[in-house]
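# Breakdown of the fold
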Amino acid sequence: MGRTVIPYSRQMQYVESSLGQFRRGLRKPDQEVFDELIRVAKLQVQAGVMASSPYPIDTMLLTMMIDLKKEIFRLKKELESLRE
């Protein structure tokens, strides 16, 4: 018997390619941000594998939000240290 589940990394590639038209419709600066978000999701591939969600976009979006929240926390701490 062969594999019945598509590897998560391949599912991520499918999601990225299916968003190709969307990406092309974005302005150049926004395309760069989009590419960075996809890169962030790819860095967290292990978390996606562990989640085993039937919809890989859910896990990808969640990892993107986690990274953005980390950046917000970092900037808040930096702002607080500058205020002191």
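This one's a predicted model, so the numbers in the text were calculated from it and none came from an experiment. (Residues numbered from 1 in each chain as written. Predicted model: local features only at pLDDT ≥ 70, side-chain atom pairs only at ≥ 80, totals over all residues. Heavy atoms only, no water.)

The geometry of helix H1 (residues 8-18) relative to helix H5 (residues 56-83) is characterised by a closest axis approach of 9 Å and an angle of 85 degrees between their N-to-C directions. Taken together, the axes of H1 and H5 lie roughly perpendicular to each other. The segment H1 lies against H5, with Tyr8, Gln11, Met12 and Val15 engaging Pro56, Ile57, Thr59 and Met60. Grouping the amino acids of the contact of H1 with H5 by side-chain chemistry returns six nonpolar, two polar and no charged. (Axes fitted to C-alpha atoms, helices over the stretch in contact; angles between N-to-C directions. Helix = DSSP H or I, 4+ residues; strand = E, 2+ residues; numbered from the N terminus. Parallel < 35°, antiparallel > 145°, perpendicular 65-115°, else oblique. Contact = heavy atoms within 4.5 Å. Nonpolar A, V, L, I, M, F, W, Y, C, P; charged D, E, K, R; others polar.)

Overall, the predicted model of the protein chain reaches an average pLDDT of 91, with 96% of residues at or above 70. For the protein chain, helix H4 (residues 45-51) is the element with the lowest average pLDDT, namely 87, and helix H2 (residues 20-25) is the one with the highest, namely 96. (pLDDT = per-residue confidence, 0-100.)

Close approach of charged atoms lets side chains of opposite charge pair. Using the criterion set out here, one finds seven salt bridges in the structure. Across the pair glutamate 16 and lysine 42 runs a salt bridge, and its minimum N-O distance is 2.9 Å. Note that glutamate 16 is positioned in helix H1 and lysine 42 in helix H3 (residues 28-43), a separation of 26 residues in sequence. A relative accessible area of 27% means that glutamate 16 is categorised as partly exposed. Measuring nitrogen to oxygen at the nearest pair gives 2.6 Å for the salt bridge that ties glutamate 36 to arginine 39. Separated by three residues within a single helix, glutamate 36 and arginine 39 lie in helix H3, roughly one turn from each other. Linked by salt bridges that have partners in common, Glu71, Arg74 and Glu78 make up one network. (Salt bridge = Lys/Arg side-chain N within 4 Å of Asp/Glu carboxyl O. Buried < 20%, exposed > 50% of the residue type's maximum accessible area, 1.4 Å probe, protein only.)

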